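# Working through the structure, step by step
Listed here are the chains, written in short residue letters.
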Amino acid sequence: MEQINFASLKRKRDLHIILPVFLVSIIACIDRVNIAYAALTMTEDLPWLTPEIFGAGAGIFFMGYLLLEIPGSLIAAKYSASKWIARIMFTWGLVCVLMAFMSTQTEFYIYRFLLGASEASLYPVIYSVLFPRWFTPKERARATSLMLTSLLLSTIIGAPLAGVLLNTSILGMHGWQELFILEAVPALLFAVVFFFWVKDRPDQVSWLNNAEKKYLTEAFEAEQARLQKVKKYTVMQAFTDKKVLKLCFIYFMWVIGFWGFNFWMPTVLKSLSGWSTSLLGGAIAIPMTVALIVQIIAGYTSTKTGDKVWHVAIAMFIGAIGLGLSPFASNPSVALFLICLSAIGIYASMGVWWTVPTTFLTGPAAAGAIGLINSCGNLGGWVGPYMMGFIKTETGSFDLGYFAMALFMLIAGITTLTIKYGWTGQKNRQPVTENTTTDTVAN
């Protein structure tokens, strides 16, 4: 009988599952956020692009995401997660190309909406459908955290790249137009690669031996049986579960700060420093690298200790401090330090966070609930950028917006602690660990 070499099994899944999904996420994040860098020069050619219009357009992406988030997750759960992800990539690549040719405010809104609709359900499908079949509950925090380092690496790569592209004219167009077109090409090409590379289940691949296939399949089936024995959730029950709704609220508050920060940070730093777009792109890579290191450490320590709640809450508190003090930055060095704190708070615990719903939900219920949580976060993704643009237009300053984002992050952190301790401060009974599941989520 074939034996299982767990070190070899880990390497195989890292190569054939985490790596391709990691690359998808990097490409997605670069294409999602490149509007923040394009905005540094777009206003020279598009005079109608005021701060309020930019904020609304940046945020309307999440309205498209919201519309198809849950249906997309359920389709992938029923049919094929890997094929659905490939479809997502190809369609968002096409829309990203269209962004290069917009000339009116209406086109700006339409293309941003379509970009969100194209990408809708990407991460919920990864978290709730694809990864559970390939990684045991104990392995999932590491796998998710490792994959989500892509959020930061996309900025570390994308910010300097955007700075260069904005100052060049390879295709004879404006820099911001070439930025959209050239950064869409990887999505279009890799969609085809992903379609053939990644499979939905262990029994569909040739790079595992029979013992490894049996081990992963039985581990997944045992987890599903254990969770359904505790409580078998239907999709509608998951939508109305108090724990799910609390996670929706937390993520909504968190993402207001997340996307308000991401879409406006380059503009704010440029106005404070006066740096060129190329220098600005390199500088932004510094805080993102710091946050990346902390994110990797958080994924490791969460897996080692089994804790989830404190990892998420502490990061949010650090983010609240960074955002809240940012308006007081008097020079670029101080601003970069506070951006480091903000980035740590916003990014570091994201991988740990997305392992929480699958500690008590399975199958279509998990896919639908994670889609719901992500949809609520996407509402925050609309609120954050629009709020910042509106405040800038009305007050001439981003200060009030940063104070608001800090407050929302603080509220999210406090609410996260109630998952484990309740609102009275008493620890909930029957805490969840990586290896056991109960009806109360506490880790």
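Residue positions are counted from 1 within each chain, in the order its sequence is given. Thresholds applied to this predicted model are a pLDDT of at least 70 for local features of residues and 80 or more for the giving and counting of side-chain atom pairs; totals over whole chains, interfaces and linings are not thresholded and use all residues. Based on all heavy atoms of the structure, the side-chain values leave hydrogens and waters out of the count.

Further remarks concern the overall build of the chain. Helical segments are the DSSP runs of H or I of at least four residues, strand segments are the runs of E of at least two, and each set is numbered from the N terminus. Across its full length, the chain carries 16 helices and zero strands. The classification of residues rests on relative accessible area computed with a 1.4 Å probe and restricted to protein chains. Under 20% of the type maximum is buried, over 50% is exposed, and intermediate values are partly exposed. By residue count, 59% of the 443 residues in the chain fall in the buried class. What makes two residues a contact is simply this: any of their non-hydrogen atoms within 4.5 Å. Considering only residue pairs separated by 6 or more positions, the chain has 81% of its internal contacts joining residues 24 or more positions apart. A total of about 16900 Å² of accessible surface is found on the chain, and carbon and sulfur atoms cover 68% of it. Areas reported here follow the Shrake-Rupley algorithm with a probe of radius 1.4 Å; residue values treat only the protein chains shown as occluding.

Attention now moves to the packing of aromatic side chains. The criterion for an aromatic pair is that two Phe, Tyr or Trp rings (for Trp, the six-membered ring) have centres within 6.5 Å, with stacked assigned to planes under 30 degrees apart, edge-to-face to planes over 60 apart and tilted to the rest. For the coordinates displayed, the defined rule picks out 16 aromatic pairs. On the numbers, 5.3 Å between centres and 20° between planes, the contact of W134 with W207 is stacked. One end of the pair, W134, is in helix α5 (residues 122-134); the other, W207, is in the loop between α7 (175-197) and α8 (210-230), with 73 residues separating them in the sequence. When its relative accessible area of 0% is taken as the criterion, W134 is described as buried. According to the relative accessible area criterion, W207 is buried, its value standing at 17%. The rings of W48, F108 and Y109 are connected pair by pair, giving a single aromatic cluster. Note on criteria: charge over ring means Lys NZ or Arg CZ within 6 Å of the ring centre, with the direction from the centre no more than 35 degrees off the ring normal. Cation over ring: K83 sits above F195, and NZ or CZ is 5.0 Å from the ring centre.

As a further point, take the side chain of T149. Take T149: it is sitting in helix α6 (residues 137-165). Looking at T149, the relative accessible area reads 6%, which means it is buried. Pairing of N or O atoms within 3.5 Å defines a polar contact, subject to two protein rules: one partner must be a possible hydrogen donor and the other a possible acceptor, and residues neighboring in sequence count only if both atoms are side-chain atoms. Here the side chain of T149 touches L146 through a polar contact of 2.6 Å, landing on its backbone oxygen. Those residues within four positions of T149 in sequence are excluded, and the remaining contacts are F22, L292, Q295 and I296.

A contiguous nonpolar surface patch, about 500 Å² in accessible area, is contributed by I321, L325, F328, L400 and F403. Contributions of two or more residues to the nonpolar patch are made by α12 (309-325) and α16 (399-421). If you trace the backbone, L325 turns up in helix α12. The exposure class of L325 is partly exposed, given its relative accessible area of 41%. Patch criteria: residues need more than 30% relative accessible area and no salt bridge. Like-charged residues are merged within 9 Å; nonpolar side chains of Val, Leu, Ile, Met, Phe, Trp and Tyr are merged within 5 Å. Salt bridge, as used here, is a side-chain nitrogen of Lys or Arg placed within 4 Å of a carboxyl oxygen of Asp or Glu.

We now examine the pattern of salt bridges. In total, this model carries six salt bridges according to the counting rule given. In this structure, E212 engages K12 in a salt bridge whose closest nitrogen and oxygen atoms are separated by 3.0 Å. With E212 in helix α8 and K12 in helix α1 (residues 6-45), this residue pair connects regions lying 200 residues apart in the sequence. In this structure E212 comes out as buried when scored by relative accessible area, which is 2%. The residue E119 makes a salt bridge to R32 at a minimum N-O spacing of 2.3 Å. One end of the pair, E119, is in helix α4 (residues 105-119); the other, R32, is in helix α1, and 87 residues separate them in sequence. On the basis of relative accessibility, which here comes to 2%, the residue E119 falls in the buried class. By relative accessible area, which is 7% here, R32 ends up buried.

With that out of the way, let us pick up the confidence of the model for the chain. This prediction gives the chain a mean pLDDT of 83; 89% of its residues lie at or above 70. Per-residue pLDDT, averaged within each element of the chain, yields its smallest value for helix α9 (residues 235-240) (64) and its largest for helix α3 (residues 81-99) (94). Overall, residues 430-443 carries pLDDT values under 50, and its contacts beyond four positions in sequence, including any with other chains, amount to 48 contacts. Scored from 0 to 100, pLDDT records how confident the predictor is in each individual residue.

Let us look at unusual backbone geometry. Notably, S121 is not glycine yet its phi reads approximately 80°, a positive angle. By secondary structure assignment, the location of S121 is in the loop between α4 and α5.

This paragraph deals with the environment of A184. Within the secondary structure layout, A184 lies in helix α7. Linking A184 and F90, residues 94 residues apart in sequence, is a C-alpha distance of 9.2 Å. When sequence neighbours within four positions are dropped, the list of residues in contact with A184 reads D31, G93, C96 and V97.

Below, the discussion takes up the packing of α3 against α7. Lines fitted to the C-alpha atoms define the axes, with helices restricted to the stretch that makes contact. Angles between their N-to-C directions range from 0 to 180 degrees. Where α3 contacts α7, the axes come no closer than 8 Å and their chain directions differ by 160°. Comparing their axes, α7 and α3 come out roughly antiparallel. As for how α3 packs across α7, the hand of that crossing is left-handed. Seen from α3, the contacting residues are S82, K83, I85, A86, M89, F90, W92, G93, L94, C96, V97 and M99; seen from α7, they are W176, F180, I181, A184, P186, A187, L188, F190, A191, F194 and F195. Gly counts as polar in this scheme, as do all residues outside two lists: the nonpolar Ala, Val, Leu, Ile, Met, Phe, Trp, Tyr, Cys and Pro, and the charged Asp, Glu, Lys and Arg. Its residues placed into classes, the contact of α3 with α7 shows 20 nonpolar, two polar and one charged. Oblique is the label for every angle not falling under 35 degrees (roughly parallel), over 145 degrees (roughly antiparallel), or within 65 to 115 degrees (roughly perpendicular). Note: crossing handedness is left-handed where the near helix turns anticlockwise from the far helix by less than a right angle, and right-handed where it turns clockwise.

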